[in-house]
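Take a look at the letters that make up each chain.
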Amino acid sequence: MVRASGPARPDDGEFMIRVGVLGAAGRMGRTVCSAVAVAGDMQLVAAADPAAAGATVAELIGEKTAGNSASVTVAASPDDFVEAGVEVAVDFTVLASARQNLPRLAAAGIHAVVGTSGFTEDDLARLAGLFDRSNCIIAPNFAISAVLMMRFAELAAPLFDSAEVIELHHDAKLDAPSATAMTTADRMAAASGEWNPDPTRTEVLAGARGGLGPAGIRVHSIRLAGLVAHQEVILGAQGQTLTLRADSYDRSSFMPGTLLAIRAVANRPGLTTGLELLLGL
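Conventions adopted
- Residues numbered from 1 in each chain as written.
- Predicted model: local features only at pLDDT ≥ 70, side-chain atom pairs only at ≥ 80, totals over all residues.
- Heavy atoms only, no water.
- Helix = DSSP H or I, 4+ residues; strand = E, 2+ residues; numbered from the N terminus.
- Rg over C-alpha atoms; globule rule 2.2 N^0.38 Å.
- Buried < 20%, exposed > 50% of the residue type's maximum accessible area, 1.4 Å probe, protein only.
- Contact = heavy atoms within 4.5 Å.
- Areas by Shrake-Rupley, 256 points an atom, 1.4 Å probe, with all protein chains shown as cover.
- Lys, Arg positive; Asp, Glu negative; His and termini not counted.
- Charge placed at Lys NZ, Arg CZ, Asp CG, Glu CD.
- Pairing = 2+ DSSP bridges.
- Axes fitted to C-alpha atoms, helices over the stretch in contact; angles between N-to-C directions.
- Core = buried A, V, L, I, M, F, W, Y, C linked by side-chain atoms within 4.5 Å.
- Disulfide = S-S within 2.5 Å.

Considerations on the overall build of the protein chain
Part 1 of the reasoning: The helix and strand inventory of the protein chain stands at nine helices and 13 strands.
Part 2 of the reasoning: Compactness check: the protein chain gives a C-alpha radius of gyration of 20 Å against a globular reference of 19 Å for 281 residues, within 12% of the reference.
Part 3 of the reasoning: When its C-alpha atoms are laid out on the principal axes, the protein chain stretches across 65 × 35 × 30 Å.
Part 4 of the reasoning: Per-residue burial over the protein chain gives 49% buried out of 281 residues.
Part 5 of the reasoning: Considering only residue pairs separated by 6 or more positions, the protein chain has 71% of its internal contacts joining residues 24 or more positions apart.
Part 6 of the reasoning: About 13,100 Å² of surface is accessible on the protein chain, with carbon and sulfur atoms providing 53% of the total.
Part 7 of the reasoning: Treating the 21 positive side-chain charges of the protein chain as one cloud and the 30 negative ones as another, the clouds have centres 1 Å apart.

Here it is, written out as structure tokens:
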């Protein structure tokens, strides 16, 4: 079997990246399965999700979209990924599952592309040590617009006196603030630690001013039905404001970045966090 660190396997005379998807039955997982199944340089060869174990990929995303992957059976865990010849595994699960999945992938020499959020600095340090035979890309957000928004906010930070971050997500998101919001605040704080103090002295409702993030940057979280993933960064200075906003109206917005990471991970040794380097930012 060709390992993940080697060249992709040929399929019908062409080189194809053999992909497995973890969390395949979730909303993001189904979207990833669909994107991989129709990508001309990839083949969906495995899927795992305990909520849909025994189902086929065709049952998850439709037989027409699934194409040659229609008969792939969803497993309960990634244990079958090695036998399936998976070269890159995509993990859009929950933190507890990802903490179990990623060490398995690293031990098997399978590359990982991870959109699961909530990893701590200790988690990242551990994963950096584990991925020595294969590589891992973890990104807080795979939407190109969101990656650019974070970079623009970082560039603008030293030129403004105050800033706040507002992130808005669907009502099924379990964590708050989002990883994108925290990454944005961290990068802005690293770019400038000089922010005007919060003038608020009384909160009529506790938490009305949001959470106190790094360098005193306030972060606000909104959860509503009808939303997908959105974020605003508002920066203020004397007589002016700058508002940066990224909106993902559909989960398909995350697929160009996800496919980019799948294609790039074999050439990114060890652990990479974020898509910035892949985009040349």
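That shown, we press on.
Overview of the sheet that holds strand S10 (residues 218–223)
Part 1 of the reasoning: In spatial order, the strands read S9-S10-S8-S11-S12; together these five strands make up an open sheet with mixed pairing. Looking at strand neighbours, the two that pair on one side only are strand S9 (211–212) and strand S12 (240–248), the edges of this open sheet.
Part 2 of the reasoning: Relative to S10, strand S8 (residues 162–169) runs parallel, the two being bridged by six bridges. Following the sheet pairing, Val 165 is matched in S10 by Val 219.
Part 3 of the reasoning: Along the sheet face, helix H6 (residues 144–156) touches strand S11 (229–237) and S12 and points at about 160° away from the line of S12.
Part 4 of the reasoning: Sheet strands in contact with helix H7 (residues 179–191) are S8, S10 and S11, and its direction is about 25° off that of S11.

Overview of unusual backbone geometry
Part 1 of the reasoning: Residue Ala 176 is joined to Pro 177 through a cis peptide bond whose omega torsion reads -5°.
Part 2 of the reasoning: By the element assignment, Pro 177 lies in the loop between S8 and H7.
Part 3 of the reasoning: For Ala 215, which is not glycine, the phi torsion reads 60° and is therefore positive.

Remarks on the nonpolar core
Part 1 of the reasoning: Formed by 65 residues in total, the largest nonpolar core has its most connected members in Met 188, Leu 235 and Ile 262.
Part 2 of the reasoning: Of all the elements, H6 adds the most residues to this core, at six residues.
Part 3 of the reasoning: In this view, Met 188 contacts Ala 153, Glu 154, Ala 157, Ala 163, Val 165, Trp 195, Ile 217, Val 233 and Leu 235; residues no more than four positions away in its chain are not counted.
Part 4 of the reasoning: Judged by nonpolar contacts, the second largest core, of 22 residues, contains Ala 46, Ile 110, Ala 112 and Phe 131.

A few points about the state of the cysteines
Disulfide: a covalent bond formed between the sulfur atoms of two cysteine residues.
Part 1 of the reasoning: A complete count under the given rule lists zero disulfides for this structure.
Part 2 of the reasoning: The cysteine Cys 33 is free of any disulfide, with Cys 136 supplying the nearest cysteine sulfur at 18 Å.
Part 3 of the reasoning: Looking at Cys 33, the relative accessible area reads 0%, which means it is buried.

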